[in-house]
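# A structural walkthrough
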Amino acid sequence: MLDIALIRKNPDAVKTRLAARHGDWPAQIDAVLRCDVQRRQAETQLQTLQADRNRISKEIGAKKKAGEDTSAIEAQVRGFGDEMKRLNEQTAALDAEQRDLLLGIPNLPHENCPVGESAEQNPEVRVWGEKPAFAFTPKSHVELGEAHGLFSFERGTKVAGPAFVCYMGKGARLERALVNFLLDRQTGEGGYTEVAPPLLVNRDALIGTTQLPKFGDQLYHCADDDLFLVPTAEVPVTNLHREEILRADQLPIKYAAYTPCFRREAGAAGLGTRGLIRMHQFDKVELVKICRPEESAAELESLTADAERILQLLGLHYRTIELCTGDIGFGSAKTYDIEVWAPGQGGYLEVSSCSNFGDYQARRMALRYKGEDGKNQLCHTLNGSGTALARLYVALLENYQQADGSIVIPEILRPYFGADQIG
RNA sequence: GGAGAGGUGGCUGAGUGGUCGAAAGCAACGCUUUGCUAAAGCGUCAUACGGGAAACUGUAUCGAGGGUUCAAAUCCCUCCCUCUCCGCCA
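As the structure is a computational prediction, the values presented were derived from the model and not from experiment.

What counts, and where the lines are drawn
Residues numbered from 1 in each chain as written. Chains lettered and ligands numbered in written order. Predicted model: local features only at pLDDT ≥ 70, side-chain atom pairs only at ≥ 80, totals over all residues. Heavy atoms only, no water. Axes fitted to C-alpha atoms, helices over the stretch in contact; angles between N-to-C directions. Helix = DSSP H or I, 4+ residues; strand = E, 2+ residues; numbered from the N terminus. Parallel < 35°, antiparallel > 145°, perpendicular 65-115°, else oblique. Left-handed = near helix turned anticlockwise from the far one by under 90°. Nonpolar A, V, L, I, M, F, W, Y, C, P; charged D, E, K, R; others polar. Near = heavy atom within 4 Å. Polar contact = N/O pair within 3.5 Å; in protein donor to acceptor, adjacent residues only side chain to side chain. Phe/Tyr/Trp six-rings, centres within 6.5 Å; stacked < 30°, edge-to-face > 60°. Buried < 20%, exposed > 50% of the residue type's maximum accessible area, 1.4 Å probe, protein only. Lys NZ or Arg CZ within 6 Å of the ring centre and 35° of its normal. Pairing = 2+ DSSP bridges. Salt bridge = Lys/Arg side-chain N within 4 Å of Asp/Glu carboxyl O.

### Thoughts on the packing of helix 3 (residues 25-65) against helix 5 (residues 80-103)
- Relative to each other, helix 3 and helix 5 sit at 150°, their axes nearing to 8 Å. Judged by the angle between their axes, helix 3 and helix 5 are roughly antiparallel. Two packed elements cross with a definite hand, and for helix 3 against helix 5 that hand is left-handed.
- Taken together, the residues that form the contact of helix 3 with helix 5 break down as 13 nonpolar, eight polar and nine charged.

So, in structure tokens, the structure goes:
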């Protein structure tokens, strides 16, 4: 969330920067400010009363020790009770209201985040490789997968429901090969520490990384235990250090985690109609960084490079775009998306989204570090897919399909897959 | 799930209604001295939110939330977590 002190001090600058996003955020800023004034007023009144009470209570203690009568003075303080209770309730209510308002306001886009209305204005940052040429009409991964028995939507639907898939045989092996390849690469050359986190998380964790309170309708919820299936490893992994004060020499922290991701995709159009591209459950290797504020800009660049490296090693043509202010996620200050070419789709597929959240998540989860000056400061948090599996899987099948219908496995993946090709 | 024990500052650990935000020790940091890879002495050393230009100052926090009281780390209730034993179990 945003710093109330910053909003108080410089409301116009905050409004200007939020105006580049969609939504009536200036009105929300005014609402927070109104609440803040009331809250502090009530708080000051309460504290004054508490100070009086504390002072008099100490007097009573001293007098009792001295054997003096205190009944009159006790009766006087007794009268404080109702007013204190009232102010206490008022303060608590205003405090909760202010927090709710702040939780509902998105992050400020970074100063150098491109201004734009929608995805059409996202600038292309770089392109790697080029589209492969086919002497035949490339097939969709759905067709290829069916032909080779790699996965079955029918069986996924039978045991779970629409938009679930079941990988089978060589298809399951390929998925596992990709997971292992990604983890080995990111924990080896990439320098990330591997984490295997819980797949169910609590509310506090989801508030910390901004999925709650606003986007709860996208989460699978286990009501009996009030736990949620992770929509991304970002949630458990970033929250690993919530409410901690880290030592400066621990930073930057770099984690890589493989998990399935569960998303309800409520209201999503075309769900399940395009094969593996949008599913309720998909695998992902996520990269998470916790660092000092002055490091986060450079860490985002290297994080994005770590994700891109995967596609380079697999020989897949991709482009990297930067999200403009109208398209950027709720908690992010700056985001790069990596899109891989999928010939069977005739388009690019988003396989990674790399974001710098600045101190926005860290403030929500009270994640700090002790600086050299001994002062506690909020960390910056970042995350990015390194990468998502299902769409990578799609790209692999579609880019490496041959005229005879077989699929060549890229060299680097062969030790993991145990064969040179499928079919 | 059942029985018992317990949750205090970075750590260990006192504290069972009143000058306790909390003794003591350890660790850390600063200074001094001696000198050498260590010791001694002194000092500093939790967090959040307010007020103040600042010096400084107020309030809250001893797992969380409620209650009793003029006053709660300390008494009462509820919940959470940890440990031990039992049960169940991949």
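### Comments concerning the protein's contact with RNA strand B
- Around RNA strand B lies a shell of 21 residues, among which Arg8, Glu43, Gln50, Arg78 and Asn376 are the nearest.
- With respect to RNA strand B, the side chain of Arg78 contributes an N or O atom lying 2.6 Å from a phosphate oxygen.
- Arg368 places a polar side-chain atom, nitrogen or oxygen, 2.9 Å from a sugar or linking oxygen of RNA strand B.
- Ranked by residues supplied to the surface near RNA strand B, first place goes to helix 3 with 13 residues.
- When its residues are assigned to classes, the surface near RNA strand B shows three nonpolar, seven polar and eleven charged.

### Thoughts on the packing of aromatic side chains
- Inspection of every chain in the model, using the stated rule, returns ten aromatic pairs.
- Plain terms: the ring middles of Trp341 and Tyr348 are 5.0 Å apart, the flat faces sit at 65° to each other, and that makes the pair edge-to-face.
- Classification of Tyr348 by relative accessible area gives partly exposed; the value is 24%.
- Among the aromatic side chains, those forming a connected cluster through ring pairs are Phe151, Phe153, Tyr167 and Tyr393.
- The ring of Trp341 has Lys131 sitting right over it, with the charged end atom 4.5 Å from the ring centre.

### Overview of the pairing of strand 13 (residues 347-356)
- Summarising burial for strand 13: seven of the ten residues are buried, a large majority.
- Note that strand 12 (residues 334-342) and strand 13 share nine bridges and pair antiparallel. Along strand 13, the bridge assignment pairs Thr335 with Ser355.
- Hairpin connection between strand 12 and strand 13: a loop of four residues separates the two successive antiparallel strands, and Gly346 in this loop has a positive phi of roughly 65°.
- Alignment of strand 13 against strand 16 (residues 380-388), held across three bridges, turns out to be antiparallel. Paired with Ser355 across the two strands is Asn383, which belongs to strand 16.

### What about the pattern of salt bridges?
- Scanning the model with the defined rule gives 26 salt bridges in all.
- A salt bridge links Arg126 to Glu308, with the shortest nitrogen-to-oxygen separation between them at 2.9 Å. Here the residue Arg126 occupies a position in strand 1 (residues 124-128), and Glu308 occupies one in helix 11 (residues 296-313), the gap between them amounting to 182 residues.
- You can call Glu308 buried: its relative accessible area is 5%.
- In this structure, a network of salt bridges that share partners links the residues Arg8, Asp36, Arg39, Arg40, Glu43 and Asp95.

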